Amino acid sequence: MSLVIADEVAAALSDGRGVVALESTLLAHGLPQGRNLEVGARLERIVREAGAVPATIAVLDGVAHVGLTPGQLERVCSPGLAKLSLRDLGPAYALKRDGATTVASTAALAHRAGISVFATGGLGGVHLSIPAGSASWDVSADLDVLASTPVTVVCSGVKSILDIAATVEVLETKSVPVVGYRTDHFPGFYLRESAHTVPWRVDNPADAAAVIAAHRTVTSSGVLLVNPVPVEHELDRDLHDRLLSEGMALLQERGIRGKDVTPALLEFFHNGSGGTSLNANTELVANNAQVAAEVAVQLSSR
């Protein structure tokens, strides 16, 4: 009773066609008003043009929707939606709330609906310590959900405002395969490369689908397919490093913690880069949606 699958999505799943899940937190909390609706519609269009069916996921009036009508998409892009991770779904259902789903909750709902490919911007991970040098207990639920849910997440690595080294170690510990899409390096969201390499690489959707299909015969964990931001939209590294340093200082000064960290830092990057980071965010998500759709089509053909 708490899950509604749109007719278009249900038909595609029944026919064995490719379906791509899309999260709604990106729209409700990661992009400014106006721009978010434009991006939401664009992502769905990209998935369709690649031959798959989009399934944007959100909770409305306490019901999880897998696939949204244009009116529902507008509602998701309006102010006031809660940010719902997996732990928040039960309370949101019971209290009849509206909420945008994170990577963790989107992956879980996608799996429940029978969708196995999910496109987003960046995976959550281990947050940088505040103050620097202290132990960080702030670890995204995305990592645990990916380790236990057979969904492939196509993303541009983890946000470069996180502790990439620690996140990569957690993924290894949880036996989540990390596969680079046309890259040998783990991407850093705004940056095409971090200091970390990936253990596996594929260069086309067919090979990605083959890896995912083979992984499913081994275990029930997800797969992380990392796809760098397009080179023409990469943020200047010196600008990125300066904004990250200043942003971390601002978080400490204002005592910002937990789920408020990422939105605060993204907004700081947007303002400090004159909108360049927002363009990078938009284009990397669009590129991930394209790759995810192509992989979903290949998986459906298997």
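Under an unreviewed UniProt entry, the name given to the protein chain is Pseudouridine-5'-phosphate glycosidase, and the source organism is Actinokineospora diospyrosa. Note on the protein chain: under the UniProt heading Catalytic activity (unreviewed entry), the record states "D-ribose 5-phosphate + uracil = psi-UMP + H2O". For the protein chain, the Sequence similarities (unreviewed entry) comment in UniProt is given as "Belongs to the pseudouridine-5'-phosphate glycosidase family."

Let's shift gears to the environment of Val20. Looking at where Val20 falls in the secondary structure, it is placed in strand β2 (residues 19–22). Distance from Val20 to Ala292, taken between C-alpha atoms, is 6.7 Å for residues 272 residues apart in sequence. Residues in contact with Val20, not counting those within four places in the same chain, are Val47, Ala52, Val53, Pro54, Ala55, Ile115, Val117, Ala119, Ala292, Ala293 and Ala296.

What follows covers helix α11 (residues 261–272). The end-to-end C-alpha distance of α11 is 16 Å, a good match for the 16 Å that twelve residues give at a rise of 1.5 Å each. Those residues of α11 lying buried are Val261, Thr262, Leu265, Leu266 and Phe269. Looking straight down α11, one finds its buried side chains confined to an arc of 120 degrees; they lie on one side. Of the exposed residues in α11, the ones pointing more than 90 degrees away from its buried face are Glu267 and Asn271. Packing partners of the buried residues in α11 comprise α10 (237–254) and α12 (276–301). Gly274, located one to two residues past α11, shows a positive phi value of around 65 degrees.

This part covers the UniProt feature "binding site: substrate" (unreviewed entry) in the protein chain. Per the UniProt record, "binding site: substrate" (unreviewed entry) is annotated on Lys83, Val103, Ser140, Ala141 and Asp142. In sequence the annotated residues extend across 60 residues, while in space they remain close, none of their C-alpha pairs exceeding 13.6 Å. Those annotated residues from the list above that line the largest pocket are Lys83, Val103, Ser140, Ala141 and Asp142. Secondary-structure assignment places Val103 in helix α6 (residues 103–113). Val103 gets classed as buried once you look at its relative accessible area, which sits at 6%. Ignoring any residue separated from it by four or fewer positions in sequence, one finds Val103 in contact with Glu23, Phe118, Thr120, Gly122, Leu123 and Asp142. Residue position: Ser140 is located in the loop between β7 (117–119) and α7 (141–148). For Ser140, a relative accessible area of 17% translates into the label buried.

Bringing the pattern of salt bridges into the picture now. Applying the stated rule across the entire model yields eleven salt bridges. A salt bridge links Arg42 to Glu283; the nearest nitrogen and oxygen atoms lie 3.0 Å apart. Taken together, the residues Arg42 in helix α3 (residues 35–49) and Glu283 in helix α12 connect sequence positions 241 residues apart. The partner of Asp184 in a salt bridge is Arg201, with the nearest N and O atoms 3.0 Å apart. Here Asp184, found in the loop between β9 (178–181) and β10 (200–202), pairs with Arg201, found in strand β10; they are 17 residues apart in sequence, far enough to count as distant. Assessed through its relative accessible area of 42%, Asp184 is described here as partly exposed.

Phi is positive for Ser175, which is not a glycine, with a value near 60 degrees. A positive phi is found at Arg182, a non-glycine position, where the angle reads about 60 degrees. For Arg182, the location among the structural elements is in the loop between β9 and β10.

If you check which residues of α7 are buried, you get Asp142, Leu143, Val145 and Leu146. Its buried side turned inward, α7 meets α6, β8 (152–155), α8 (164–173) and β11 (223–226).

The subject of this paragraph is the packing of aromatic side chains. Applying the stated criterion across every chain, the model contains two aromatic pairs. Centroid distance Phe189 to Tyr190: 4.8 Å. Interplanar angle 65 degrees. Geometry classified as edge-to-face. For Phe189, a relative accessible area of 1% corresponds to the buried category. Among the residues examined, Tyr190 registers a relative accessible area of 1% and is labelled buried. Grouping aromatic residues by their ring pairs yields a cluster made of Phe189, Tyr190 and Phe269.

Okay, the UniProt feature "active site" (unreviewed entry) in the protein chain next. Those places that UniProt annotates as "active site" (unreviewed entry) correspond, in this numbering, to Glu23 and Lys159. Lining the largest pocket, out of the annotated residues just given, are Glu23 and Lys159. Topologically, Glu23 is positioned in the loop between β2 and α2 (25–29). Here Glu23 falls in the buried class, since its relative accessible area comes to 10%. Setting aside its immediate chain neighbours within four residues, Glu23 contacts Thr56, Ile57, Thr101, Thr102, Val103, Thr106, Phe118, Ala119 and Thr120. Within polar-contact distance, the side chain of Glu23 engages the backbone nitrogen of Thr25 at 3.4 Å. Of note, Lys159 is situated in the loop between β8 and α8. With residues near it in sequence (within four places) discarded, Lys159 still touches Gly122, Leu123, Ile164, Phe189, Thr262 and Leu266.

Rules used throughout
Residues numbered from 1 in each chain as written. Predicted model: local features only at pLDDT ≥ 70, side-chain atom pairs only at ≥ 80, totals over all residues. Heavy atoms only, no water. UniProt positions renumbered as here; feature names shortened; annotations may be inferred. Helix = DSSP H or I, 4+ residues; strand = E, 2+ residues; numbered from the N terminus. Contact = heavy atoms within 4.5 Å. Expected span 1.5 Å × (residues − 1). Buried < 20%, exposed > 50% of the residue type's maximum accessible area, 1.4 Å probe, protein only. Arc of directions from axis to C-beta. 1 Å grid on protein atoms, 1.4 Å probe; cavity = no way out; pocket = protein on both sides within 12 Å on 5 of 7 lines; lining within 4 Å. Salt bridge = Lys/Arg side-chain N within 4 Å of Asp/Glu carboxyl O. Phe/Tyr/Trp six-rings, centres within 6.5 Å; stacked < 30°, edge-to-face > 60°. Polar contact = N/O pair within 3.5 Å; in protein donor to acceptor, adjacent residues only side chain to side chain.

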